[in-house]
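Summary of structural features
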Amino acid sequence: MKRLVLLWFLLFCTFFLHAEDGYRLWLRWDRIENKTLLRSYSGQITFIRLPGETPVAGTARQELQTGLSGLLGKVVGLEPGKTRKGVVGGLISDPVVAAYLSAEERDRIGEEGYLLRFDGMRILLAAKDDRGLLYGAFHLLRHLQQQLPLEQLDFLENPKMKIRVLNHWDNLDRTSERGYAGFSIWNWHELPEYIDPRYRDYARANASVGINGSVVTNVNANALVFRRDYLEKVAALAAVFRPYGIKIYLTARFSAPMDQGGLPSADPQSPKVQKWWGDKVKEIYELIPDFGGFLVKANSEGQPGPQQYGRTHVDGANMLADALKPYGGIVMWRAFVYSDKEPEDRAKQAYNEFVPLDGQFRENVLIQVKNGPVDFQPREPIHPLFGAMPKTPVMMEFQITKEYLGQGTHLVGLASMWEEVLNTDTYARGKGSTVSKVLDGSLFGYQLTGMAGVANIGTARNWTGHIFGQADWYAFARLAWNPYLESKAIFLEWTRLTFGLNPQVVGPITEMLASSYETCVRYMTPLGLHHIMAEGSHYGPGPWIDQIPRAEWNSAYYHKADEQGLGFDRTETGSKALAQYRPQLAEWYGDKTNLRFLLWFHHVEWKEELSTGRTLWAELCLQYDQGAREASALKVKWTTLQPFIDTERYEQVSMHLAIQEKEARWWRDACISYFQSVSKMDLPEGLAPPKYSLLYYKMLIFPYAPGTRPKW
Ligand code: BDP
């Protein structure tokens, strides 16, 4: 009887411990099934030698031991052993390690970088600092988890960007500005005493892909976080992150000296305001000695800022930078700005405000710029500020959470979009001046460099709600480490780590990821359309929106559909936004055969014949139709994987793909209906008419869609 109970217990454990709920992300260190390879790895890796002198080095050693033991199915011991085969790791200043390195190699290993090499006897892991050891350890595990030959271990990697941060748009009440994976993972109410194990798992997942910072609060900031009790909560989180090499940052509400300090103004020129910030920063560093600094959204969408006092972004940013400077902290000042006045073209505003300020910011300030000039649309041209501020470090802000790309339910491999942006040539210093070269500092010699990603993480058991959202988190981190990586390589790597090595699985999944971005653009905003989502929640289509008092919050402002045609003229005859780019880039963006950006830059007649040989109207309809069909095809492709994927993850993705198919169809039908009501043209022959009337689509409301701000 006892035995039976035990057996049941074991079966129960096996089942639940292996339940594939997505929690483990890409860190799946299960025993390697390929017996030959396992034997060969096991023979080569018999011990780990890695002094864990600092907390971060200790983490590297511990992760390596856990990972290797898992993958090899045996306990890999920690020893100083030199004679046998194993992992020999340590800092380049460590004589044991230094002995295996040439002087040239020692010089080439930079901050946070590492050398990882198999020389037939040992796996050498050498780094300049402890973070390098951690990243190198995770690289080794990634390599073995993919069952790649040890002989291929020959890497010298340095991160291309210094600041690699997630931005959590999370509020102190645990809601998230644009979160689609549940609530915020930060349980402020129970901190600092209660430390959710997720905090550690979060830090670990990020460290495994090289993230070294986390801004834990929303850019629409709440100054309450500066109250002493909240700072103690922040310090508790920082303590969990620290051994994983992750610094904590906060968003700073510009009016905090008034909100928390009771001062009558937040004027950056006021000595009292400066003192308040100075004291507050000192208090923060007493609690968190390695605090990273502030992220600031000022004078944008109603957020307070220096312009309220007749001051500039420079005055505001420099005041905070001065307070942080003595402690090594930085300011990430956002360029996502809106003036209170109606702009002639919103796409031009940030450039107009920031370019004149180039060179006036303190050395510890970076300007954080969204990838495109409007707002994280499915496809945008690059932000014209990239390449336009040679004297001020400009960092990238990508949105990992899919506010405008299907939110929590669509499979869209964002790495494709980011790759397009990063590879775009700004021509700022002649041909080859890509966005990546601006960001990594090689173009203008920026001393500070960085990339931020608006996080898609929440309390969902699998972290991101949609399992494939993990691929976006992963890809962001990999690109922050090295913006020159190819999206296809990242998709492949993520798929292998997450779903295993079976080529029947890996092939289709990477294809799905690689094609999905274009698919989404087609069924949402083809041919350069943008910002035609529903108002507020941005959930679903809303091209008809034209009644909001603020012009640039209306879809009609962006698509400018009228009886003649469609699109925003940003050329010489229109808003002239095109002129904010260097001539060669402007020529490419403005080229009417470049259909990706056609309606972004031109108002085109419905009847005009495009380079495809079809009229604009016909092309638009066909693009929507094709996008919807491709979304259905994604679902079909997934069904072929059923025999090879665990039921739980298979089902989760299936259900999401069904939603995507439905919503892609909704986008197609609603947009075709609406644009037809303006163009008054017949549908191209053979195109299935929209399922419902335009009125039906207009009447759909979703008061509780995530991201809808409650109307108190
Ligand atoms: C927009 C979001 C809004 C954010 C804003 C920002 O809709 O919720 O607060 O960007 O980036 O995309 O500040």
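In this text the structure is predicted, and so the values were computed from the model without any measurement.

**Observations concerning the domain arrangement of the protein**
- On domain assignment, one finds that the protein holds domain 1 (2–157), domain 2 (163–489) and domain 3 (521–699).
- Measuring from the centre of the C-alpha atoms in domain 2 to the corresponding centre in domain 3 gives 29 Å.
- Contact residues are listed per partner, giving 45 residues for domain 2 and 43 residues for domain 3.
- A combined buried area of about 3,700 Å² lies between domain 2 and domain 3, and 57% of that area is made up of carbon and sulfur atoms.
- Looking at the side of domain 2 facing domain 3, the largest losses of area belong to Arg379, Pro381 and His410, adding up to 17% of the total buried there.
- Our enumeration of links across domain 2 and domain 3 arrives at 2 salt bridges.
- With a shortest N-O distance of 2.8 Å, Asp345 and Arg570 are connected by a salt bridge.
- Our count for the domain 2 to domain 3 interface comes out at 21 residue pairs in polar contact (both at pLDDT 80 or more).
- Along the lines of polarity and charge, the residues of the side of domain 2 that touches domain 3 split into 17 nonpolar, 15 polar and 13 charged.

**A look at the side chain of Glu105**
- Looking at where Glu105 falls in the secondary structure, it is placed in helix H5 (residues 103–108).
- A polar contact is formed between the side chain of Glu105 and the backbone nitrogen of Ser102, at a distance of 3.0 Å.
- Ignoring sequence-local partners within four residues, the contact set of Glu105 consists of Tyr100, Leu115, Arg117 and Leu156.

**As for the packing of aromatic side chains**
- If you walk through the whole model with that rule in mind, you get 49 aromatic pairs.
- Between Trp169 and Phe376, the aromatic rings sit 6.4 Å apart at their centres with planes inclined by 45°, giving tilted as the arrangement. Placement of the pair is Trp169 in the loop between strand E7 (163–167) and helix H7 (197–208) and Phe376 in the loop between strand E12 (365–370) and strand E13 (394–399), with a sequence separation of 207 residues. For the pair formed by Trp169 and Phe376, the shared burial category is buried.
- Taking 5.4 Å as the distance between ring centres and 55° as the angle between the ring planes, the aromatic pair formed by Phe468 and Trp494 counts as tilted. Of this pair, Phe468 sits in the loop between strand E14 (450–454) and helix H15 (469–481) while Trp494 sits in helix H16 (residues 487–499), placing them 26 residues apart in sequence.
- A residue is classified by how much of its surface remains accessible, and Phe468, at 2% relative accessible area, is buried.
- Classification of Trp494 as buried rests on a relative accessible area of 1%.

Each value, and the rule that gives it
Residues numbered from 1 in each chain as written. Predicted model: local features only at pLDDT ≥ 70, side-chain atom pairs only at ≥ 80, totals over all residues. Heavy atoms only, no water. Domains from an automatic or database assignment. Contact = heavy atoms within 4.5 Å. Buried area = accessible area lost by both parts, 1.4 Å probe. Salt bridge = Lys/Arg side-chain N within 4 Å of Asp/Glu carboxyl O. Polar contact = N/O pair within 3.5 Å; in protein donor to acceptor, adjacent residues only side chain to side chain. Nonpolar A, V, L, I, M, F, W, Y, C, P; charged D, E, K, R; others polar. Helix = DSSP H or I, 4+ residues; strand = E, 2+ residues; numbered from the N terminus. Phe/Tyr/Trp six-rings, centres within 6.5 Å; stacked < 30°, edge-to-face > 60°. Buried < 20%, exposed > 50% of the residue type's maximum accessible area, 1.4 Å probe, protein only.

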